[in-house]
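Summary of structural features
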Amino acid sequence: MVTTTPVTRRHALIAGACLCCAPAFAQKRAGETNAFATEEVASGIYVRRGVDEDVTARNEDGIANIGFIVGRDAVAVMDPGGSLIDGQRLRAAIRQNTQLPIKYVVMSHVHPDHVFGAPAFQNDRPQFVGHARLPRALSLRVDFYGKRLQDTLGKERAGGVISPTMLVQDHAEIDLGGRVLALTAHGIAHTDCDLSVLDRNTGTLLAADLLFVKRVPSLDGSLRGWLKELAALESVAARRAVPGHGPTSVDWPSGAKDLERYLGTLLRETKEAIAKGMDLEAAVGSVAQSERSRWSLFDDYNGHNVTQAFKELEWEQ
Amino acid sequence: MGTVKQPLLATVLLTATLVGGGPQAVAASASPHAPAPGGAVQTSAAFRTASVTHPDPADGDTDSEAATRASRWQALQKALFPGRSMDDGAGIVKLDAPPRAADAALVPISIDLSTVKPVKGVYVVIDNNPAPLAAHFTFGPKADPHTLKLRVRIDAYTNMHAIAESQDGHLFVATRFIKASGGCSAPAGSDDAAALADMGRMKLHLVGDFAAGKPEQAVLMVRHPNFNGMQMNQITRYYTPPHFIRTIDATYEGGSIFHLDSDISMSTDPVITFGFVPQAKGQLKVVVRDSKDTTFDHTFEVPGPGRAAGTPEAADKAPGA
């Protein structure tokens, strides 16, 4: 693994991935990318719909909605994908569409299904863009995530993380040529490092995992914080939004209603459970059950969400 | 702050890990707080948050896995209870836990003790955790030792044991198999930061109606990150140093309810449900000592008759140091 710059070496170490193998993989798997279809949700904005599953060797962790935005002079990726393979397929899809340079890779938050494909874009030498809290979150979790992804996909296919080279504290803009993307770093919500992107040209909000549609949300930050950030996003001047999971595009802000209802129910019923003196285990079995038929993967995540909500809310007065 | 007693649990655990022989034994190595790189974990409920799960080996539990677990338990038994026999706890001690935990870093467990055999203490052993002996409760004269609830971390698919020790010194065991993993090495969350900022804060609430001389259930909450020393910063390669609760003493009007020796398997912000027998309005005092030998003490006023169920709080007196 010979690398030329300190930054790259560090990235490679962090990634734990053998980057020299990457091109070979891209070739070996060329022609197998037929499963990778993107949809143009607005002019110049392409999204691949992730499957509503947990990671398996078969889905290569292609479970999140990922895609790219094409400007006059450059391309921005958001997100780079759930594994090296997923990222390579996204890159191939971009190259079928345009030869413009990939100047930005936006990483919406710390979860591996969104960012472990980042090494596929390393040779493009883009700016890797993330929330100001993303480096800390990545450093705490990369080992934990990496091991488990490697167990499922194999070391060569899992990918890894790349430390962001451009950090967003509150707001920032990136210019793709005639197309300025507005970036917002959010308060603790889905995670503690959520970043959203607004394309003003088309009124498209790329919300990543601040927005789940049809696939049950997963709470890994703050329930109250998420409700607050979601309310703020609903007033953003967008006509459509791209969720991190679910359909490639929904109307905005009406597309936030189901998530808002779920999170509101989770908040209200968890508070009620605590007020009644209910145990955590009892709460896990009863809170938000009215939502059960409305979401895929509900049984896989709701108990976890209730646990997170419970431990957040039980310390309130 | 007085001197720290050499932590009994750590000594015992060291023996346990050396004798243990299971796959965790090496990873747990010389110190129960040492990180276990590569140890543990295949599947993680906690990790589901990050949308990654794995095939489920224990869904089809093989004979060899069952045999490995049995020999692990035999070795632990020898190390933790040398020279002592153990009887089936059916009818005396019952252990409940979710078969598949929603969050491996916070698994609620519940222990029921019958009135048939008066019990002086309970051990909780999580076989495949880096420090298997998670808790040892010793009941005092003010206790109503019939229900105990706590929250633990689980590092790998494991058997869990609750061992009741009767007043006449016999051991009775109940066993549960739990599917959860990654709970010990799970990365810090935002709750850890909150716990650290707020460390030592406590809450107590009473579950049932007050009746003099009748057992009362109380839920004790303690803010403490309970860092187990197993979370690594990948860039610095440093681990967050272990910093966890070693003992909790709860007394009512000066008489002991319980003494708890605990270790790194307790969750962040421990929550413990226990029973005691209040006679009248009185003071319930809790003293927590952690691995840095910091003590936190709170005194709660237990209301007398006339308070409805669920009315929290036992008023919280100013925290100690």
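Right, let's walk through the structure included here. For clarity, every value in this text was computed on a predicted model and none was experimentally measured.

Another aspect to go through is the overall build of chain B. Along chain B, the regular secondary structure elements total 4 helices and 16 strands. In chain B, of all internal contacts separated by at least 6 residues, the share reaching a separation of at least 24 is 71%.

Given a rise of 1.5 Å per residue, 18 residues ought to cover 26 Å, and the 25 Å separating the end C-alpha atoms of helix H3 (residues 63-80) of chain B matches this to within 8%. If you check which residues of H3(B) are buried, you get Arg69(B), Arg72(B), Ala75(B), Leu76(B), Gln77(B) and Leu80(B).

Residue and element names in this part refer to chain A. Across the sheet, which stays open at both edges, the 6 strands sit in the order E8-E9-E10-E11-E12-E13 with mixed pairing between neighbours. Only two strands of the sheet have a single partner each, and these edge strands are strand E8 (171-175) and strand E13 (250-251). Across 3 bridges, the pairing between strand E10 (residues 195-199) and strand E11 (residues 204-212) is antiparallel. The residue bridging Asp-199 from the neighbouring strand is Thr-204, located in E11. Where helix H7 (residues 223-234) meets the sheet, it contacts E10 and E11, and its direction lies at approximately 160 degrees from that of E11.

Residue and element names in this part refer to chain A. What the 7 strands build is an open sheet, ordered E1-E2-E3-E4-E5-E6-E7; its pairing is mixed. Looking along the sheet, the strands with just one partner apiece sit at the ends: strand E1 (38-42) and strand E7 (166-168). Adjacent strand axes in the sheet meet at a mean angle of 25 degrees, parallel and antiparallel pairs treated alike. Pairing of strand E4 (residues 75-78) with strand E5 (residues 102-106), which is carried by 4 bridges, proceeds in the parallel orientation. The partner of Ala-76 across the bridge, within E5, is Tyr-104. In the packing of helix H3 (residues 84-97) onto the sheet, the strands contacted are E1, strand E2 (45-48), strand E3 (66-70), E4 and E5, and the crossing angle to E3 comes to about 30 degrees.

Residue and element names in this part refer to chain A. Among the 9 residues of E11, 9 are classified as buried, and the element is accordingly described as predominantly covered. Where E10 hands over to E11, the hairpin turn is made up of 4 residues, of which Gly-203 adopts a positive phi near 65 degrees. Sheet analysis places E11 next to strand E12 (residues 240-245), joined by 5 bridges and oriented parallel. Opposite Phe-212, over in E12, you have His-245 as the bridge partner. Handedness of the crossover joining E11 and E12 through H7: right-handed.

Where a protein is soluble and globular, its nonpolar side chains tend to be buried together. Ranked by size, the top nonpolar core spans 160 residues in total, and within it Ala76(A), Val77(A), Val106(A), Val107(B), Val122(B) and Val125(B) carry the most contacts. Sequence-distant contacts of Val106(A), defined by excluding residues within four places in its chain, comprise Ala76(A), Val77(A), Met78(A), Asp79(A), Val129(A), Leu195(A) and Val197(A).

Turning next to the pairing of E4(A). All names here are of chain A. What you see with E4 is no split at all: Val-75 and Val-77 on one side and Ala-76 and Met-78 on the other are buried throughout. Sheet analysis places E3 next to E4, joined by 4 bridges and oriented antiparallel. Paired with Gly-67 across the two strands is Met-78, which belongs to E4. Between E3 and E4, which pair antiparallel and follow one another directly, the connecting turn spans 4 residues.

The rules behind these values
Residues numbered from 1 in each chain as written. Chains lettered and ligands numbered in written order. Predicted model: local features only at pLDDT ≥ 70, side-chain atom pairs only at ≥ 80, totals over all residues. Helix = DSSP H or I, 4+ residues; strand = E, 2+ residues; numbered from the N terminus. Contact = placed C-beta atoms within 7 Å. Expected span 1.5 Å × (residues − 1). Buried ≥ 20, exposed ≤ 12 C-beta atoms within 10 Å, placed from the backbone. Pairing = 2+ DSSP bridges. Axes fitted to C-alpha atoms, helices over the stretch in contact; angles between N-to-C directions. Right-handed = clockwise from strand over helix to strand, strands pointing away. Core = buried A, V, L, I, M, F, W, Y, C linked by C-beta atoms within 7 Å.

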